Structure formats: C-alpha cells, structure tokens
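One-letter residues, chain by chain:
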Amino acid sequence: GSAKQIVIAAGGGSLRMRWMNPREYARLQGASDFPLVGTRIQQLWGFADAVCVPAIRWIDQQVLTPLYELATRAA
C-alpha cells in the first residue's frame, strides 16, 4: 500500500479530508516521543508500514499466549 493515509471527518452535512502527519503515525505506533528526523516522506515511510506495538501486545496476551499455554499443558 501507500505510505500516505487520509483522515476523513464526516458530519453535519460536511466532509473534510487531510493527510496524516508523521507525528500521528508515530502515535499510532506507540512511539509518541520518537524523534522525527529526515524528510517528511522518510518519516512517513518509517512509520507507515510499522507494526503497532500496543496492538501486537494485545494479540499476544489475548490470543497467542493463551494458545501456547493450552498447547504446552496438553503435551
């Protein structure tokens, strides 16, 4: 996919759109305070396809670890 995402706000009979900024990408990845260096496009590419740590942590705690524990108990 594209490294650039659009934020869409709809309501009250209007539709607004804008590109996400690099800081928003960092926040979504759980890296709010990460220093942003390089050009804007480099910053966007650096976060756009990254793995969101909070989401992966939740998947681990809710799915992967319980499955692993069930499998090791059954063995």
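Use the structure listed above.
Quick caveat, the model's predicted, so the values are computed rather than measured. (Residues numbered from 1 in each chain as written. Predicted model: local features only at pLDDT ≥ 70, side-chain atom pairs only at ≥ 80, totals over all residues. Heavy atoms only, no water.)

Trainee: Could you clarify how one ought to interpret the side chain of Gln-29 in this entry?
Mentor: Tracing the backbone through its elements, the reader meets Gln-29 in the loop between α1 (22-28) and α2 (40-48). In contact with Gln-29, other than residues within four places in its own chain, are Phe-47, Ala-50, Val-51, Cys-52, Val-53 and Pro-54. (Helix = DSSP H or I, 4+ residues; strand = E, 2+ residues; numbered from the N terminus. Contact = heavy atoms within 4.5 Å.)

Trainee: Looking at this model, I keep getting lost on the pairing of strand β2 (residues 14-19). Mind explaining?
Mentor: In summary, the side chains of a regular strand alternate between the two faces of the sheet. The buried fraction of β2 is low, at zero of six residues. Linking two consecutive strands that pair antiparallel, namely strand β1 (residues 6-11) and β2, is a turn of two residues; a positive phi of about 60° is found at Gly-12 within it. (Buried < 20%, exposed > 50% of the residue type's maximum accessible area, 1.4 Å probe, protein only. Pairing = 2+ DSSP bridges.)

Trainee: How should the pattern of salt bridges be read in this particular structure?
Mentor: Pairing between side chains becomes possible if they bear opposite charge and their charged atoms approach one another. Following the criterion strictly, the structure yields one salt bridge and no others. Close ionic contact of Glu-24 with Arg-18 constitutes a salt bridge, the shortest N to O distance being 2.6 Å. The buried category is assigned to Glu-24, whose relative accessible area is 18%. On the basis of relative accessibility, which here comes to 40%, the residue Arg-18 falls in the partly exposed class. (Salt bridge = Lys/Arg side-chain N within 4 Å of Asp/Glu carboxyl O.)

Trainee: Sorry if this is basic, but what is going on with the nonpolar core here?
Mentor: As a rule of thumb, soluble globular proteins bury nonpolar side chains together. Listed in full, the six residues of the largest apolar core are Met-20, Tyr-25, Ala-26, Ala-31, Leu-44 and Phe-47. Of all the elements in the fold, those that place two or more residues in this core are α1 and α2. (Core = buried A, V, L, I, M, F, W, Y, C linked by side-chain atoms within 4.5 Å.)

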